[in-house]
Amino acid sequence: MKSVVVAGSFNVDHVWRCDALPAPGATIAGRYSTGPGGKGFNQAVAARRAGADITFVCALGDDAGGALARQLAAADGIVLAAEASTEPTGTAGIYVDSRGRNSIVIGPGANASLSTEFMAANAALIGDAGVLLAQLESPVESIEAALGIAREAGVLTVLNPAPANAPSSISLLKLADVLTPNETEFAALLGRHVGERVEADDVAALDGASLHALCRKLSGNTVVVTLGAVGVFVSHDEERLRGDSQPYYRVAAESVQVVDTTGAGDAFNGALVASLAQAPDAAFIKHVRFANQYAARSTENEGAAVAMPRMTPADAG
């Protein structure tokens, strides 16, 4: 099994659980907790707990948040390659309502310091991996550098283009062998790069052929659109089916008792790359089904990184 390198963000999450998400001008009561998060770290923990060997490339401040990142990475057996930053470690304010829906505000802090030079310094580490996974809570030029290093070395590249308002470019998207937006991110990318105006709430209702056509306009490689409670849509280039028998298909959502959807997309991405690293010759649909199951399980617990289940592809059958 080849290792997975995750390049991205670490945040200290500050979470308030309340009956309803706060409206503008409102003051409401909630229950507070704190813990680790950040899309990069969430995905690294998910991939590790899904059975892969993980190196997490990030930037941390010299503070309690940075110490927490090092402590938790060591506890989960994650190798940490952290660029030192004079900025405080990243933070996030998260509100979760009684239905498990969330609203999030990010303070990038040290995450904004992750540099192209640090990626270049870790080129050998990236090039030795089986899969590179990245997101867009770090500087886009640094993520593009990491993807470029991996692509040149023949490493499978997976880009989760999140959050939806993060800057991106066609050159960045082309470096991703697998692109994994949710419906909001997918709609934003279509509007920004293709000139197609599709409402995020309408993406899941599109018929398969129409959704596949939009995916093909966005990327020449594989696109996996996560659709929350509706499931997952997969679109391949017809010349590169990655072991699948058809160019596009849906995988239905798993039935679970949802407690908190925070980090569910990160759970999917981490589990997907863990499965790809452990069984690179398996049909792509097998990896997607496992990631779908893993993400569903993650919503049964409160939190982000701490909610990631210990569940490998072998456990899922």
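From a predicted model like this one, the values you see are computed outputs, not experimental measurements. (Residues numbered from 1 in each chain as written. Predicted model: local features only at pLDDT ≥ 70, side-chain atom pairs only at ≥ 80, totals over all residues. Heavy atoms only, no water.)

What to know about the packing of aromatic side chains
Each aromatic ring pair is characterised by the separation of its centres together with the angle its planes make.
Working step 1: All told, the structure shown has six aromatic pairs when counted by the stated rule.
Working step 2: Ring plane angle 50° and centroid distance 5.3 Å describe the contact between W16 and Y32, whose orientation is recorded as tilted. Here the residue W16 occupies a position in strand β2 (residues 11–17), and Y32 occupies one in strand β3 (residues 31–37), the gap between them amounting to 16 residues.
Working step 3: Each ring, one from F233 and one from Y248, has its centre 6.1 Å from the other, and the planes form 35°; the classification is tilted. Linking F233 in strand β12 (residues 231–235) with Y248 in strand β13 (residues 248–252), this pair joins segments that are 15 residues apart in sequence.
Working step 4: Three or more aromatic residues link up through ring pairs in this structure, and these residues are F10, F41 and F56. (Phe/Tyr/Trp six-rings, centres within 6.5 Å; stacked < 30°, edge-to-face > 60°. Helix = DSSP H or I, 4+ residues; strand = E, 2+ residues; numbered from the N terminus.)

With respect to the nonpolar core
Working step 1: Membership of the largest hydrophobic core comes to 45 residues, with the highest contact counts inside it found for F284, V288 and Y294.
Working step 2: In terms of residue count, the dominant contributor to this core is helix α10 (residues 264–278) (eight residues).
Working step 3: Beyond its immediate sequence surroundings of up to four residues, Y294 is in contact with A46, R49, A50, A267, A271, M308, P309 and M311.
Working step 4: Counting 38 residues, the second-largest nonpolar core is a separate cluster that includes L136, A146, I149 and L173. (Core = buried A, V, L, I, M, F, W, Y, C linked by side-chain atoms within 4.5 Å. Buried < 20%, exposed > 50% of the residue type's maximum accessible area, 1.4 Å probe, protein only. Contact = heavy atoms within 4.5 Å.)

Quick look at the packing of helix α7 (residues 183–194) against helix α9 (residues 208–218)
Working step 1: Where α7 contacts α9, the axes come no closer than 10 Å and their chain directions differ by 55°. The orientation of α7 relative to α9 falls into the category oblique. Viewed along their axes, α7 and α9 form a crossing whose handedness is left-handed. Residues F186, L189, L190 and V194 of α7 lie in contact with α9, whose contacting residues are L211, L214, C215, K217 and L218.
Working step 2: Residues belonging to the contact of α7 with α9 are distributed by class as follows: eight nonpolar, no polar and one charged. (Axes fitted to C-alpha atoms, helices over the stretch in contact; angles between N-to-C directions. Parallel < 35°, antiparallel > 145°, perpendicular 65-115°, else oblique. Left-handed = near helix turned anticlockwise from the far one by under 90°. Nonpolar A, V, L, I, M, F, W, Y, C, P; charged D, E, K, R; others polar.)

Focus: the pairing of β12
Working step 1: The element β12 is extensively covered by neighbouring structure, given that five of its five residues are classed as buried.
Working step 2: Examined bridge by bridge, strand β11 (residues 222–226) and β12 share four bridges and lie antiparallel to one another. Within β12, the residue paired with V224 across the bridge is V234.
Working step 3: Hairpin connection, β11 to β12: the antiparallel pair is bridged by four residues, and G228 has positive phi, about 60°.
Working step 4: Of the pairings in the sheet, the one linking β12 to β13 comprises five bridges and is antiparallel in character. Bridged to F233 within β13 is R250. (Pairing = 2+ DSSP bridges.)

Concerning the sheet that holds strand β5 (residues 79–85)
Working step 1: Taken in spatial order, the nine strands line up as β5-β4-β1-β8-β9-β10-β11-β12-β13 in an open sheet, and their pairing is mixed. Strands with a single pairing partner mark the edges of an open sheet, and in this sheet they are β5 and β13.
Working step 2: Direction of pairing for strand β8 (residues 131–134) relative to strand β9 (residues 156–159): parallel, over a ladder of four bridges. When the bridges of β9 are listed, V131 appears paired with L156.

Some details on α9
Working step 1: G208, L211, H212, L214, C215 and L218 are the residues of α9 that are buried. Angularly, the buried residues of α9 cover 160° about the axis, an arc narrow enough to put them on a single face.
Working step 2: For α9, the N-terminal cap is D207; the gap from its side-chain oxygen to the backbone nitrogen of A209 is 3.2 Å. (Arc of directions from axis to C-beta. Polar contact = N/O pair within 3.5 Å; in protein donor to acceptor, adjacent residues only side chain to side chain.)

Let's talk about α7
Along an α-helix, residues three or four positions apart point the same way, because every turn accommodates 3.6 residues.
Working step 1: An ideal rise of 1.5 Å per residue puts 16 Å on 12 residues; α7 measures up with 15 Å between its terminal C-alpha atoms.
Working step 2: The complete set of buried residues in α7 reads E185, F186, A187, L189, L190, G191 and H193.
Working step 3: For α7, the secondary structure elements touched by its buried residues are α6 (170–174), β10 (178–179), α8 (200–203), α9 and β11.
Working step 4: At the exit of α7 stands G195, carrying a positive phi of roughly 80°. (Expected span 1.5 Å × (residues − 1).)

Concerning the UniProt feature "active site" (unreviewed entry) in the protein
Working step 1: According to UniProt, the feature "active site" (unreviewed entry) maps to D266 in the numbering used here.
Working step 2: Mapping D266 onto the fold places it in helix α10.
Working step 3: Among the residues examined, D266 registers a relative accessible area of 4% and is labelled buried.
Working step 4: Apart from residues no more than four positions distant in its own chain, D266 is found in contact with K39, N42, Q43, A46, N160 and M308.
Working step 5: Reaching out from D266, the side chain makes a polar contact with the side chain of N42 at a distance of 2.9 Å. (UniProt positions renumbered as here; feature names shortened; annotations may be inferred.)

A look at unusual backbone geometry
For residues besides glycine, phi is generally negative; the peptide bonds are generally trans as well.
Working step 1: Residue A162 is joined to P163 through a cis peptide bond whose omega torsion reads 5°.
Working step 2: Along the chain, the position of P163 falls in the loop between β9 and α6.
Working step 3: Despite not being glycine, R242 shows a phi value in the positive range, around 50°.
Working step 4: Residue position: R242 is located in the loop between β12 and β13.

Structural notes on the pattern of salt bridges
When charged atoms on two side chains of opposite charge get close, those side chains can pair.
Working step 1: Summed over the entire model, instances satisfying the criterion amount to nine salt bridges.
Working step 2: D53 is paired through a salt bridge with R48; the nearest N and O atoms lie 3.3 Å apart.
Working step 3: Of the charged contacts in the structure, one is a salt bridge between D177 and R151, with a shortest N-O distance of 3.1 Å. Taken together, the residues span a long stretch of sequence, with D177 in the loop between α6 and β10 and R151 in helix α5 (residues 140–152) at a distance of 26 residues.
Working step 4: One network of salt bridges, in which partners are shared, links R49, D76 and R310. (Salt bridge = Lys/Arg side-chain N within 4 Å of Asp/Glu carboxyl O.)

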